[in-house]
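Here is what each chain is made of, one letter per residue.
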Amino acid sequence: MFGLDDLFRLIIAALIILPLTSIIRESGYYLAVTILGAKEKKLIVGSGPILFTLPTIEVRKYFFMYSWIEYEELNPSNRFWHGMIYASPIVGPLLLGLLINTLLANGVLEANMFWNTFLFYIFYYIFFDVIPVYLPDGQPTNGRAIFDLIRHGERSDYRKTRLEQEENSEDEPKGYTEAQEDTIENRDRDQQERQDHTDPTHKQTESNEGKGNTETQEETIENRDRDQKTHSDHTKFYK
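Presented here is a report on the structure given in the accompanying data block. Every value quoted in this text rests on a predicted model; they were computed, and no experiment measured them. (Residues numbered from 1 in each chain as written. Predicted model: local features only at pLDDT ≥ 70, side-chain atom pairs only at ≥ 80, totals over all residues. Heavy atoms only, no water.)

Section: the environment of Asp129
When you line up the elements, Asp129 lands in helix H3 (residues 113-130). Between the alpha carbons of Asp129 and Ile90 there is a distance of 6.8 Å; along the sequence they are 39 residues apart. (Helix = DSSP H or I, 4+ residues; strand = E, 2+ residues; numbered from the N terminus.)

Structure (structure tokens):
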């Protein structure tokens, strides 16, 4: 049952612990790009109107919603440095989480609701960061970005752009589900049937005649029908 204690825990988690762990995660990026010499870097906390700014930090009104980092494009010369950037929001929180967990286990820190919830969100972020998938908006998780670097030797954004270009260069886009493939096949078959129907040499039923034909094709069909009718009358007369 959800009680007052749970409500208090939810408020503390949403307004303090969640934004704190989010900042810790983004700080991993911040540290990595700083080591790589990024300029114009900025850690943005929250969303909405700006509350205040520091030299490289910007805090917004809804500080408990989202955090991200901005910096100039880096061009590390090898996969190691790209991997370092992708791994930084995983390794940093992981080391901090393990340190706090060790301090709690040894009684250096007192186990309570705050630290338990803090560790929960720390490992929550780590768990979803390491899953090697593409998110609904098309962006890769850090785990996926690292996987693409190791398996394919290229950044996920470069790989995605290249694959899209290859798909667009083909006659028919790929990557459809089975149901979508069936729909495409049915569409192509219907188009072919319509082309056959507009062919004046193609045998049609009365229900399909005169649909989607040019004026010349209509005249050809009418002449054909008239010849067929005349031939039918002749055979009937000589029976």
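Here we look at the packing of aromatic side chains
Going through the model one piece at a time under the given rule, you end up with 10 aromatic pairs. A ring pair is formed by Phe120 and Tyr121, whose centres lie 5.2 Å apart and whose planes are at 85°; its orientation type is edge-to-face. Using a relative accessible area of 51% as the deciding quantity, one classes Phe120 as exposed. Here the aromatic rings of Phe127 and Phe128 are separated by 5.1 Å at their centres, their planes lie at 85°, and the arrangement is edge-to-face. (Phe/Tyr/Trp six-rings, centres within 6.5 Å; stacked < 30°, edge-to-face > 60°. Buried < 20%, exposed > 50% of the residue type's maximum accessible area, 1.4 Å probe, protein only.)

A word on H3
In an α-helix, one full turn covers 3.6 residues, which means residues spaced three or four apart are oriented alike. Here H3 contains 18 residues, and its C-alpha end-to-end distance of 26 Å stays within 8% of the 26 Å for a straight helix at 1.5 Å per residue. Every buried residue belonging to H3 is among Thr117, Phe118, Leu119, Tyr121, Ile122, Ile126 and Asp129, and all of these are buried. Contact partners of the buried residues in H3: helix H1 (4-35), helix H2 (79-105) and helix H4 (142-152). Among the residues of H3, the N-terminal cap falls to Asn112, whose side-chain oxygen and the backbone nitrogen of Phe114 are separated by 3.1 Å. (Expected span 1.5 Å × (residues − 1). Contact = heavy atoms within 4.5 Å. Polar contact = N/O pair within 3.5 Å; in protein donor to acceptor, adjacent residues only side chain to side chain.)

What about the nonpolar core?
If you look at the biggest cluster of nonpolar residues, it comprises 12 residues: Ile12, Ala13, Ile17, Ile24, Ile90, Ile100, Leu104, Phe118, Leu119, Tyr121, Ile122 and Ile126. Listed by contribution, the elements that provide at least two residues to this core are H1, H2 and H3. Of the residues forming this core, the biggest block, five residues, is contributed by H3. With sequence-adjacent residues up to four places away left out, Ile100 is seen in contact with Leu109, Trp115, Phe118 and Leu119. If you look at the next biggest cluster of nonpolar residues, it comprises six residues, including Val33, Ile69, Leu74 and Ile85. (Core = buried A, V, L, I, M, F, W, Y, C linked by side-chain atoms within 4.5 Å.)

Notes on the environment of Ala145
Inspection of the secondary structure assignment puts Ala145 in helix H4. Assessed through its relative accessible area of 1%, Ala145 is described here as buried.

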